[in-house]
Amino acid sequence: MQSDIELDDYNDFADIRVLSVPADLAGTRLDAALAKILPDFSRSRLTTWIKDGRVWVDDATALPKTKLWGGETLKVDVQPDPNEVAFEAEDIELDVLYEDATIIIINKPAGLVVHPGSGNWSGTLLNALLFHYPELRQIPRAGIVHRLDKETSGLMVVARTLQAQVHLVNQLQERSVKRHYIAVANGLIHADGTVDAPIGRHPKDRVKMAVVRSGKPSITHYHVLERFNAYTMIECRLETGRTHQIRVHMAHIKHPLAADPVYGVAPKMDTSSEVRMALDELNRQALHARKLSLVHPESGKTMTWKAAIPFDLEQLIGTLRADVGLSQDDFNDEDEGEDEHDCELIYVRE
């Protein structure tokens, strides 16, 4: 559908956007019309603005179901919602691998929470982003479009503009963002495979996720990289992005990630003292977002970044290799195939 809206009809830096309803939207509900006129915002977000009285039709507030007939003047207050900008900027060091005017590529360390929430209202990646990039206060969730678990390390992309955020969200939904993960799983995995099992909230333990019949469709592919004594190093990719997906799926097939405090298992009795010590020192799930590929929202070019395996996980892998008489040089760390992985979408255009 072609809209009558011209770029000069509103200014991205204005508090109120003034729009004219095109004739081809005659008979359309207000919420549906706004979603077409302002595609940079999610329909749920626009509906909330209407309900909050931040949208006017011919200078009068309206309901989401209000019918439009073309020619009306709409005024939309597009100021960020208070709960999206009320977080404090904090001087937290960030490992920035790349940045330009459109995107930022972060190598997140284990232990850093991505977004403020219950029990973690400060000290998060979002707080750090607001300190280093104050302009992100004007972007929902400071430009964050996906997240990693607190104790999962590795690559994340952050949008620096609203347009880039929408573009990246669309890529995530279309599965054109490729995220490669390195993990160490319990047990010997004999072949590559796929786990196709729905994931939802655990029926008894509400802080955990689980494979449940009523869950959302979830698909994880895994590829064997190297086998040790009672452990296997794998590369994973997701077709979906459910909370804890890799961790839940690997536990479901009886190969939980090494040292996973939620879904893991204790080392076998015959595990060497060196490996036990390395697992204790890791003190988190053995999972790292190793490589990230995406289409740049502005240039349209496919770009790829790679983050070195962090020291704690590298120490575990080195100990596992030594345990079977291998050296660090015995592992060929070449990219094999295309993958995407373990991230939950937190800003979705509906």
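Residues numbered from 1 in each chain as written. Predicted model: local features only at pLDDT ≥ 70, side-chain atom pairs only at ≥ 80, totals over all residues. Heavy atoms only, no water.

Colleague: I'm lost on the overall build of the chain in this one. Help?
Modeller: Looking only at helices and strands, one finds eight helices and 17 strands in the chain. By the burial criterion, 49% of the 350 residues in the chain qualify as buried. Contacts spanning at least 24 positions in sequence make up 68% of the contacts within the chain whose residues lie at least 6 apart. A total accessible area of about 16700 Å² is found for the chain, and carbon and sulfur atoms account for 48% of it. (Helix = DSSP H or I, 4+ residues; strand = E, 2+ residues; numbered from the N terminus. Buried < 20%, exposed > 50% of the residue type's maximum accessible area, 1.4 Å probe, protein only. Contact = heavy atoms within 4.5 Å. Areas by Shrake-Rupley, 256 points an atom, 1.4 Å probe, with all protein chains shown as cover.)

Colleague: What's the story with the nonpolar core in this structure? I'm lost.
Modeller: Across soluble globular proteins, you tend to see nonpolar side chains buried next to one another. Judged by nonpolar contacts, the single largest core of 56 residues is most densely connected at Leu 30, Leu 34, Leu 129 and Leu 136. At five residues, helix α4 (residues 125-132) tops the list of elements feeding residues into this core. In contact with Leu 30, not counting residues within four places along its chain, are Ile 50, Val 55, Val 57, Ala 62, Leu 63, Pro 64, Thr 66, Leu 68 and Leu 74. Ranked by size, the runner-up nonpolar core spans 16 residues in total, among them Ala 278, Leu 282, Ala 286 and Leu 316. (Core = buried A, V, L, I, M, F, W, Y, C linked by side-chain atoms within 4.5 Å.)

Colleague: Looking at this model, I keep getting lost on the pattern of salt bridges. Mind explaining?
Modeller: Two side chains of opposite charge can pair, provided their charged atoms sit close to one another. Summed over the entire model, instances satisfying the criterion amount to 11 salt bridges. A salt bridge links Arg 54 to Asp 77; its shortest N-O distance comes to 3.9 Å. Separated by 23 residues along the polypeptide, Arg 54 in the loop between α2 (43-51) and β2 (55-57) and Asp 77 in strand β4 (residues 73-77) bring together distant segments of the chain. Like Asp 77, Arg 54 is buried. Across the pair Arg 160 and Glu 99 runs a salt bridge whose closest N-O atoms are separated by 3.3 Å. Residue Arg 160 is found in the loop between β8 (153-159) and α5 (162-174), and its partner Glu 99 is found in strand β5 (residues 96-99); the two are separated by 61 residues along the sequence. Overall, the relative accessible area of 41% leaves Glu 99 in the partly exposed class. Taken together, the shared-partner salt bridges connect Arg 29, Asp 31 and Arg 43 into one network. (Salt bridge = Lys/Arg side-chain N within 4 Å of Asp/Glu carboxyl O.)

Colleague: What is the right way to look at unusual backbone geometry in this model?
Modeller: Glycine aside, negative phi is the norm for most residues, and most peptide bonds take the trans geometry. Phi angles above zero are rare outside glycine, and Asp 58 is one such case at about 50°. Mapped onto the elements, Asp 58 comes out in the loop between β2 and β3 (60-61). With a relative accessible area of 47%, Asp 58 lands in the partly exposed category. For Asn 283, which is not glycine, the phi torsion reads 55° and is therefore positive. Here Asn 283 is to be found in the loop between α7 (273-282) and β15 (287-295). Judged by relative accessible area, Asn 283 falls into the exposed class, the value being 62%.

Colleague: Would you mind showing me how to read the pairing of strand β6 (residues 103-108) here?
Modeller: If a strand is regular, its side chains alternate between the two faces of the sheet. Within β6, six of the six residues are buried, which leaves it mostly tucked inside the rest of the structure. In the sheet, β5 pairs with β6 via three bridges, with the strands oriented antiparallel. Its bridge partner lying in β6, Val 96 is registered against Ile 106. Linking two consecutive strands that pair antiparallel, namely β5 and β6, is a turn of three residues. Bridge analysis of β6 against β8 gives six bridges, and the strand direction is antiparallel. Its bridge partner being in β8, Lys 108 is matched across the sheet by Gly 154. (Pairing = 2+ DSSP bridges.)

Colleague: Even after reading the chapter, I still don't get the sheet that holds β4, so can you show me in this structure?
Modeller: Across a sheet, paired strands are connected by hydrogen bonds in the backbone, their directions being either parallel or antiparallel. The antiparallel open sheet is built from four strands, whose spatial order is β1-β4-β2-β3. Pairing within the sheet leaves two strands with one partner each, and these edge strands are β1 (16-20) and β3. In terms of strand pairing, β2 meets β4 through three bridges, oriented antiparallel. Considered in β4, the bridge of Val 57 is made with Leu 74. Set on the sheet, helix α1 (residues 30-37) makes contact with β1, β2 and β4; between it and β4 the angle comes to about 75°. (Axes fitted to C-alpha atoms, helices over the stretch in contact; angles between N-to-C directions.)

Nothing here speaks to function; it is geometry throughout.
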